[in-house]
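# Observations on the three-dimensional arrangement
Take a look at the letters that make up each chain.
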Amino acid sequence: MLRVLAISLFLLALLVEPILGVKSNLFKNCDQNKFCKRNRHYADRVVEAGKGWTSPYELDMSSIEQKSDSSVINGRIVKHVNDLEIDLPVTFSFLETGGVRVSVDEQQRIDGKIDVYGHDSITPNRYNISQFAFAGPLKLSNDAVFTKTDNGFKVVYENVNEMVVKASPFSVDFYRSGKKQVSLNGKGWLNYEHWRPIEGDDVKKHVGEFEIEDGFWEEEFDSFKDKKTKGPEAVAMDVTFEGYKHVYGIPEHADKFSLRETRGGEGNHQEPYRLYNVDIFEYETNSPMPMYGSIPFMQAQTKGASAGVFWANAADTYIDITKDKKSTTSHWISEAGLLDVFVFLSDTPEEINRQYGAIVGYTLLPQSFAIGYHQCRWNYNSEEDVLDITEKFDQSGTPYDVIWLDVEYTEEKKYFTWNKALFPDPVRMMNKLDQSKRKLVPIIDPHIKNADNYKVVSTFKDKGWTTKNNKGETFFGHCWPGESIWLDPFNPAAQNYWDELFSKAGGFGGGAENLHIWNDMNEPSVFDGPETSMPKDNIHYGGWEHRDIHNIHGLTFVNYTMKSLNKRYGNKQRPFILTRSFFAGSQRTGAMWTGDAMSKWEYLKISIPQILTQGVSGMPFAGSDVGGFFGDPSPELLTRWTQAGVFYPFYRAHAHIDSKRREPYMHEPPYNVTNRDAIQLRYRLLPTFYTAFHDASTKGSPVLKPLYYITPDNERVYDIDDEFFVGDSGILAMPVTDEGAKAVDIYVPDDKPYYDYDTYKVYKGEGTHVIYTPLEKIPMLMRGGHIHVRRDRHRRSAELMKHDPLTLVIALDSDGAARGKLYNDDGISYEFQNGDYVVQEFSVKGNKIQAKNSNGNDKAHTKSFGNVKFERVIIVGEKLPTKSTSATIHQAGKTWSAQISPSQNSITIRNPRMSIGQDWSIDL
Ligand code: NOJ
């Protein structure tokens, strides 16, 4: 009865106007989550014990074994507990793509010698995330040089890096060019909770120094009991970034970009950052609370050096951050799983992203439509509604690419069905959308309504492809449809059936080719579950407890959908999937968004650090609900949000079912006009965004770059999180995020000339400059020395722009020089993987502009998108390179001329007609 009341209250709360904010009591804090409490306590006792104390972990040097190719070193760490010795095999692997992996397992579990009390279906092993999180097998290097030392060993790798291992007490230090960068267990907080008996004489023998026996076998929260069949099994360790004052990453939190300290003090958090994927209803800003996704990757930046750490663990995880004058210490605490850490060292943050991405994969290059503007709300109500919205976008001159359908399109929230009264012929509807190359993205969630006469649910139940409760029976819980089951995405057996459900022949949405998918609620959200999720003692295929895999659950579900969509489209187009829950590796299958933001200015403001954080953590295809989800934004807030959204890699407006209609053309002038203009600007910049996405997809670069990516040695930029660069375009933007703002103070990070994007006014000198911001103004500067590409002709959708001519925009530095790049392909297919793409690199020096195609000049490279030309070259500079009125173009042995017209701080070459498939040059 109580449970039913709780569900009703929860549902009611979701539907009514928000007034209260996050229900923090629905979510555990560190003290309530016993593994966190135990490990914070352990670290505190170690600190109190001071210098005289030694960590009980020791590397057995006689066990050290180096494989012949020197890329892997094996050994065992011994944990001393009273008179027991617990055997923890350790592997150090040196990667060809950069970085070192240190992985620690537990011998008694590998040997299967432990009792999993009463649960034969549960595996005793520790979960290794590699199967789902990694892009493929790791490539090992063979350049690591191993030497034994007095107390341990050292390895020189990547020529300039050195790993120094101390055997007793066990610690690992990483050096670059002789300078210490990262140390593991330097503070002695390594704590590996080994398997132990639940009863008998030995119990006490297993309790180590500083260990509190709290929540070993069971804990309770909010009337939910969590049984720990395998007992305590947390892994924890300190990771210190030596000489680094700023660390970033570990999404998802609604917090500042440069992470705060978490052990109290002014401006600091009291609680550690938590990574536990939850449906955090009405989340708070400036909080370390968990959200929908988790990426346990942290990056650190200081003058001349960058470092990264990937804590490869998918269980509930807390990270405490503390700083001293010089360094930052992170304390990682995970409830279960392997202790598995990757350390990356480099001179640049981009290289850290490349090395990390070499393990978990890079962003799937989106189709061009997917980086256009998306229009969503809960809900568009019928076919008529969808087509009407489309017409109104067209009438108002506002481009859009995708219209979305939330849960109400279904028949009683049964996914793969349509409410036939409202959507009588979905294929007809999609075909109509296709006339202007628009797409439809309906929602499909992982809960499946437990209804009669619903083949999807009966199939999952009959075949046993469901997630199980702790008794091994199908787990039932509540979500949008009422009582539901959850498909078990760890079970590969259901893939074929999932493929069938999406198949073009008779599956969802029939033959339509413009259908893509939204996977929501995949944390998974369970309304009547602990912390609105699944009980941690649920059981998945393979014998994993839910606690082992919780944070990777959302990723595995999207993998299912991705495989099915690739089959549906015969690998002819790149599927688009939006996911709410994510983990390291989710970037390989699509985009994320920051969930249920409120329609308030502070949520607009925090969206920028949220998206920057996603970018540096390897998943840059990110956005926030434009306009906010809960509530009704004022026309001004909607405009400012639509303007900020121009820069969101994933640009989608969305709204709660109870909010008023607010499509961008709905408000009175000037707001409808400012909204339209902002969206049109995004479309003009699509070639620049697509180029930035190409870098994300090939080397893991963020699409929006924090300032320290461009001026890494300027320490003043390390905690700036309201400005950013768009890829390498040199565009520096600072969206307005304050109500009634008349101006912004934009910080210019170096002495290059910066030009206002609209007026070309020059801002010069490192420091703060004022830009006035009437409603229509989006504060954007172009950094001298960069070149970017636009498409200035207005069309209704991105795909319709495919053959349109381009505009080259050159912002000169003080020496009259600039460089830039364009990536282009057909924007749809996987043909780019067969070489069908263009990378054109531009440079300007003196009075010559040059373009070189690094992928060659062969027509084969432009086969699927044709010979796109430039219709304009704009050169912006303090001093312009010519006073001449004509330019000479050279391309493929031919020469012709084009007219130049001057203007304030700029000249424009009109209709020069160079093509993107060829090398060319222009004499000014
Ligand atoms: C929760 C999502 O965060 C929200 O965007 C969506 O509208 C609702 N689920 C309903 O599907």
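What you see is a predicted model, and the numbers here were worked out from it, not measured in a lab. (Residues numbered from 1 in each chain as written. Predicted model: local features only at pLDDT ≥ 70, side-chain atom pairs only at ≥ 80, totals over all residues. Heavy atoms only, no water.)

## Points about the domain arrangement of the protein chain
Interfaces are frequently sized by the accessible area removed from exposure as the parts join. Stated formally: The split into domains, and so the bounds of each, comes from an automatic or database assignment of domains. The contact criterion used throughout is that any non-hydrogen atoms of two residues lie within 4.5 Å. A quick way to say it: buried area is the sum, across both parts, of accessible area lost when two parts are put together, with a 1.4 Å probe. For this analysis, a salt bridge means a side-chain nitrogen from Lys or Arg found within 4 Å of a carboxyl oxygen belonging to Asp or Glu. Each helix corresponds to a stretch of at least 4 residues labelled H or I by DSSP, and each strand to a stretch of at least 2 residues labelled E; elements are numbered beginning at the N terminus. Think of it as three bins: nonpolar holds Ala, Val, Leu, Ile, Met, Phe, Trp, Tyr, Cys and Pro, charged holds Asp, Glu, Lys and Arg, and polar takes everything else, Gly as well.
According to the domain assignment, the protein chain consists of domain 1 (26-347), domain 2 (374-689) and domain 3 (709-923). Here the C-alpha centroids of domain 1 and domain 3 sit 44 Å apart. Taken together, the contact pairs 10 residues of domain 1 with 8 residues of domain 3. Regarding the contact of domain 1 and domain 3, the summed buried area is about 800 Å², with carbon and sulfur atoms giving 48% of it. Taken together, the connections running from domain 1 to domain 3 amount to 0 salt bridges. Those elements that place two or more of their residues in the side of domain 1 that touches domain 3 are strand E14 (246-249) and strand E16 (297-302). With 3 residues, E16 is the largest single contributor of residues to the side of domain 1 that touches domain 3. In terms of residue class, the side of domain 1 that touches domain 3 is built from 2 nonpolar, 6 polar and 2 charged.

## Focus: the layout of surface pockets
Formally: Here a cavity is any set of points on a 1 Å grid over the protein atoms alone where a 1.4 Å probe fits but cannot get out, and a pocket is any open set with protein on both sides within 12 Å along at least 5 of 7 lines; a residue lines the site when it has an atom within 4 Å of a point. Grid points are joined across faces, edges and corners, and a volume is the space filled by probe spheres set on the points.
Taken as a whole, the second largest pocket spans an internal volume of roughly 500 Å³. What lines the second largest pocket is a set of 21 residues, among which Lys166, Asn185, Gly186, Lys187 and Gly188 lie closest to the centre. Where the lining of the second largest pocket is concerned, the elements lending two or more residues are helix H2 (34-49), strand E8 (171-176) and strand E9 (179-184). Its residues assigned to classes, the lining of the second largest pocket shows 6 nonpolar, 9 polar and 6 charged.

## Concerning the packing of aromatic side chains
Here the distance between the centres and the angle between the planes together describe a pair of aromatic rings. Where we set the bar: A pair of aromatic rings is counted whenever rings of Phe, Tyr or Trp (Trp by its six-membered ring) have centres within 6.5 Å, and the orientation is called stacked for planes under 30 degrees apart, edge-to-face for over 60 and tilted otherwise. Only protein chains enter the accessibility calculation, which uses a 1.4 Å probe. A residue is then buried if its area is under 20% of the maximum for its type, exposed if over 50%, and partly exposed in between. Ring-over charges, as used throughout, are those where CZ of Arg or NZ of Lys falls within 6 Å of the ring centre and within 35 degrees of the ring normal.
Counted according to the given criterion, the structure contains 64 aromatic pairs. Summarising the aromatic geometry, the rings of phenylalanine 576 and phenylalanine 621 are spaced 6.0 Å apart at their centres and angled 65° between planes, so their arrangement reads as edge-to-face. Here phenylalanine 576, found in the loop between helix H11 (553-568) and strand E30 (577-579), pairs with phenylalanine 621, found in the loop between helix H12 (601-616) and strand E32 (622-623); they are 45 residues apart in sequence, far enough to count as distant. For the residue pair phenylalanine 576 and phenylalanine 621, the accessibility class agrees, reading buried in each case. Taken together, the ring pairs connect Tyr409, Phe416, Trp418, Phe423, Phe460, Trp465, Tyr497, Trp498, Phe502, Phe508, Phe557 and Tyr560 into an aromatic cluster. We note lysine 536 situated over the ring of tyrosine 276; from NZ or CZ to the ring centre the distance is 4.9 Å. Sitting over the face of the ring of tryptophan 518, arginine 652 holds its NZ or CZ atom 4.7 Å from the ring centroid.

## So, the pairing of strand E3 (residues 84-94)
To be explicit about the condition: If DSSP finds at least two bridges between two strands, the strands pair.
With 10 bridges joining them, strand E2 (residues 72-81) and E3 adopt antiparallel strand pairing. Residue isoleucine 73 lies in a different strand from E3, and its bridge partner there is phenylalanine 92. The hairpin formed by E2 and E3 contains 2 residues between the paired strands, and asparagine 82 there has a positive phi angle of roughly 50°. The hairpin formed by E3 and strand E4 (residues 100-104) contains 5 residues between the paired strands, and glycine 98 there has a positive phi angle of roughly 105°.

## So, the UniProt feature "domain: DUF5110" (unreviewed entry) in the protein chain
Note the threshold: UniProt positions are given in the numbering used here, feature names are shortened, and annotations may be inferred rather than shown by experiment.
On the UniProt side, "domain: DUF5110" (unreviewed entry) is annotated at positions that read residues 805-849 here. Overall, residues 805-849 shows 0% helix and 51% strand. The separation of its end C-alpha atoms is 18 Å.

## With respect to the site of the ligand
Test applied: When we say a residue is near a molecule or strand, we mean one of its heavy atoms is within 4 Å of it. Definition of a polar contact: a pair of N or O atoms within 3.5 Å, with one able to donate and the other able to accept a hydrogen when the atoms are protein atoms, and with sequence-neighbouring residues admitted only if both atoms are side-chain atoms. Each accessible area value is a Shrake-Rupley result obtained with a 1.4 Å probe; residue values ignore everything except the protein chains displayed when judging cover. To decide whether a molecule occupies a pocket or cavity, check its atoms: if more than half lie within 2 Å of the grid points, it is inside.
Among the 13 residues in the neighbourhood of the ligand, the closest are listed as Asp406, Asp520, Arg580, Asp596 and His654. Aspartate 596 places a polar side-chain atom, nitrogen or oxygen, 2.5 Å from an oxygen atom of the ligand. At 2.9 Å, a side-chain N or O of histidine 654 approaches an oxygen atom of the ligand. The protein chains hide 98% of the 300 Å² of surface that the ligand would expose on its own. Judged by the fraction of its atoms near the pocket grid, the ligand is located in the second largest cavity.

## Some thoughts on the packing of helix H8 (residues 455-463) against helix H9 (residues 495-502)
Counted only if it meets this: To obtain each axis, a line is fitted to C-alpha atoms, and for helices this fit is confined to the stretch in contact; angles are then taken between N-to-C directions over 0 to 180 degrees. Reported orientations rely on four angle classes, namely roughly parallel under 35 degrees, roughly antiparallel over 145, roughly perpendicular from 65 to 115, and oblique for the rest.
Packing of H8 against H9 leaves a shortest axis separation of 12 Å and a crossing angle of 170°. Considering the angle they form, H8 stands roughly antiparallel to H9. Every residue of H9 that contacts H8 at Lys455, Val456, Thr459 and Phe460 is listed here: Tyr497, Trp498 and Leu501.

## Some points on H8
Here is the rule we go by: The arc in question is the one traced by the directions running from the helix axis out to the C-beta atoms.
Those residues of H8 not exposed but buried are Val456, Val457, Thr459 and Phe460. All buried residues of H8 fall inside an arc of 165° around its axis, so they share one side. Projecting away from the buried face of H8 at angles above 90 degrees are the exposed residues Lys455 and Asp462. Among the structural elements, strand E24 (447-449), strand E26 (482-486) and H9 are those in contact with the buried residues of H8. Directly after H8, the chain includes glycine 464, whose backbone phi takes a positive value near 75°.

## Re the packing of helix H6 (residues 383-396) against helix H7 (residues 426-434)
Relative to each other, H6 and H7 sit at 5°, their axes nearing to 10 Å. As judged from the angle between their axes, H6 and H7 are roughly parallel. Two secondary-structure elements touch here, H6 through Glu383, Val386, Leu387 and Thr390 and H7 through Arg428, Met429, Lys432 and Leu433. Tallied by class, residues from the contact of H6 with H7 come to 4 nonpolar, 1 polar and 3 charged.

## Observations regarding the environment of glycine 293
Relative to the helices and strands, glycine 293 resides in the loop between strand E15 (273-275) and E16. Here glycine 293 is in contact with Pro251, Glu252, Asn277, Arg580 and Phe582, once residues within four sequence places are set aside.

## Considerations on empty space enclosed by the protein
Within this structure, the stated rule accounts for 12 cavities of 30 Å³ or more. Volume-wise, the largest cavity comes out at about 210 Å³. Contributing to the lining of the largest cavity are 18 residues, with Ser368, Tyr690, Arg791, Ala798 and Asn824 lying nearest its centre. Counting residues per element, the ones that place at least two in the lining of the largest cavity are helix H15 (686-699) and strand E44 (818-824). Looking at the lining of the largest cavity, its residues break down into 10 nonpolar, 3 polar and 5 charged. By volume, the second largest cavity amounts to about 170 Å³. Taken together, the residues of the lining of the second largest cavity break down into 10 nonpolar, 2 polar and 5 charged.

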